[in-house]
Amino acid sequence: MIRSKICETLGIRYPVFQGGMAWIADGRLAAAVSEGGGLGIVASGNAPAEHVREQIRIARSLTDKPIGVNIMLMSPFADEVAACVTEEKADVVTTGAGNPSKYMEKWKASGIHVIPVVASVAMAKWMTRLGASALIAEGGESGGHVGELTTMVLVPQICDATDLPVIAAGGIADGRGVAAAFMLGACGVQMGTRFLSAEECTIHSNYREKILKATDLCTMVTGKRLGHPVRSLRTQFAREYAQAEYGGASDEELEELGRGALRLAVQEGDLKKGCFLAGQCAAMVKRVQPAAEIVREVMEEAEPILMRASSWVK
Ligand code: TUI
């Protein structure tokens, strides 16, 4: 059995985090992952604090294991969600799409483990100084908001820049990815796309079908021009957005095109106007299964791979 520093720090069985996917990662999915021994994470996305509070309480009613909350720092509600996680005594806060330094002292004083997503070495050093419990190094293979660097080059550089436990994210969907992440120096993984096929994940059936049918080249990045690059499935929406982006549309027109697109994908399964966020590993997601099985399966697959690693050395 693989155990790592992050399991001890957080009191979890498997070093597997479920990504804080906006509109998707609700209390039920988070609880199922935590019950399965990983770290389930409730996503805040652009939701107001009351929605996040409700989801944390749903998760708490379904499991007594640790629960995390992800705060999307570009959200207009980031301040109130930051206060809410303290009031609700989340065990872990992960952050994305920005710099959480102004909240960290308060969270730490409340006994919350702060685990920011970092997309650069400078940010990793800063978060280490401010007392983060661990760091998530998320490469550009991931779905949603993406940084510049790939997981392959980001993880070792972050590991060199900090003594904190590093969780690798981006492009990991099975035991081979887990084993590779450990080889790069990480002591845990975060997966988002793989959990889109969890039984407890309540996305629209069109979304699930698109993930299960995805092929290797089926994602693309849009939004670079506005400074918020986002990886999603190559759908009609993504193509039209890219055309507008590089065809002279104004910033306002682009903002308008993107408005509500995540909700339309997740809740309505809108194949024309929805933005179906997904990582490059979407093609590796093959079947619907319970979240707990996903957590156990990737770790059980990683074990023999790591055992065999020494056979390369003669
Ligand atoms: O945050 C994510 N992924 C996301 S957020 C999201 S919701 C959204 N909706 C509309 C437009 C954009 C996003 C969907 N997916 N991943 C974590 C992540 N954080 N990836 C990269 C970063 C990051 C980037 C820059 C973290 C820190 C950072 O620092 C910049 C700074 O302020 O120093």
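Look above for the structure.
Residues numbered from 1 in each chain as written. Predicted model: local features only at pLDDT ≥ 70, side-chain atom pairs only at ≥ 80, totals over all residues. Heavy atoms only, no water.

Caption draft 1: Spotlight on the side chain of T193. Inspection of the secondary structure assignment puts T193 in the loop between strand 9 (188-191) and helix 9 (205-212). Here T193 falls in the buried class, since its relative accessible area comes to 9%. Side-chain polar atoms of T193 contact the backbone nitrogen of G279, separated by 2.9 Å. In this structure, T193 is in contact with M21, A278, G279, C281, A282 and V285, ignoring residues within four places of it in sequence. (Helix = DSSP H or I, 4+ residues; strand = E, 2+ residues; numbered from the N terminus. Buried < 20%, exposed > 50% of the residue type's maximum accessible area, 1.4 Å probe, protein only. Polar contact = N/O pair within 3.5 Å; in protein donor to acceptor, adjacent residues only side chain to side chain. Contact = heavy atoms within 4.5 Å.)

Caption draft 2: Fine view of the pattern of salt bridges. Going through the model one piece at a time under the given rule, you end up with 15 salt bridges. Measuring nitrogen to oxygen at the nearest pair gives 3.5 Å for the salt bridge that ties E8 to R3. Assessed through its relative accessible area of 56%, E8 is described here as exposed. Between E35 and K65 there is a salt bridge, and its shortest N-O distance comes to 3.6 Å. (Salt bridge = Lys/Arg side-chain N within 4 Å of Asp/Glu carboxyl O.)

Caption draft 3: Spotlight on the packing of helix 10 (residues 236-246) against helix 11 (residues 251-258). Look at helix 10 against helix 11: their axes get within 10 Å of each other, and the N-to-C directions meet at 175°. Classified by the angle between their axes, helix 10 and helix 11 sit roughly antiparallel to one another. For the pair helix 10 and helix 11, contact is made by F237, E240, Y241, A244 and E245 and by L254, L257 and G258, respectively. Each residue belonging to the contact of helix 10 with helix 11 can be placed in one class, and the counts come to five nonpolar, one polar and two charged. (Axes fitted to C-alpha atoms, helices over the stretch in contact; angles between N-to-C directions. Parallel < 35°, antiparallel > 145°, perpendicular 65-115°, else oblique. Nonpolar A, V, L, I, M, F, W, Y, C, P; charged D, E, K, R; others polar.)

Caption draft 4: How the structure looks around the pairing of strand 9. Because side chains alternate across strand 9, one face comprises the buried residues G188 and Q190, and the other comprises V189 and M191, equally buried. Across three bridges, the pairing between strand 1 (residues 16-18) and strand 9 is parallel. Its bridge partner lying in strand 9, Q18 is registered against M191. Sheet topology note: the strand 8 (residues 166-169)/strand 9 ladder contains three bridges and is parallel. Note on strand 9: the bridge partner recorded for A169 is Q190. Between strand 8 and its parallel partner strand 9, the chain crosses via helix 8 (residues 175-183), and the hand of that crossover is right-handed. (Pairing = 2+ DSSP bridges. Right-handed = clockwise from strand over helix to strand, strands pointing away.)

Taken by themselves, the reported measurements are silent on function.
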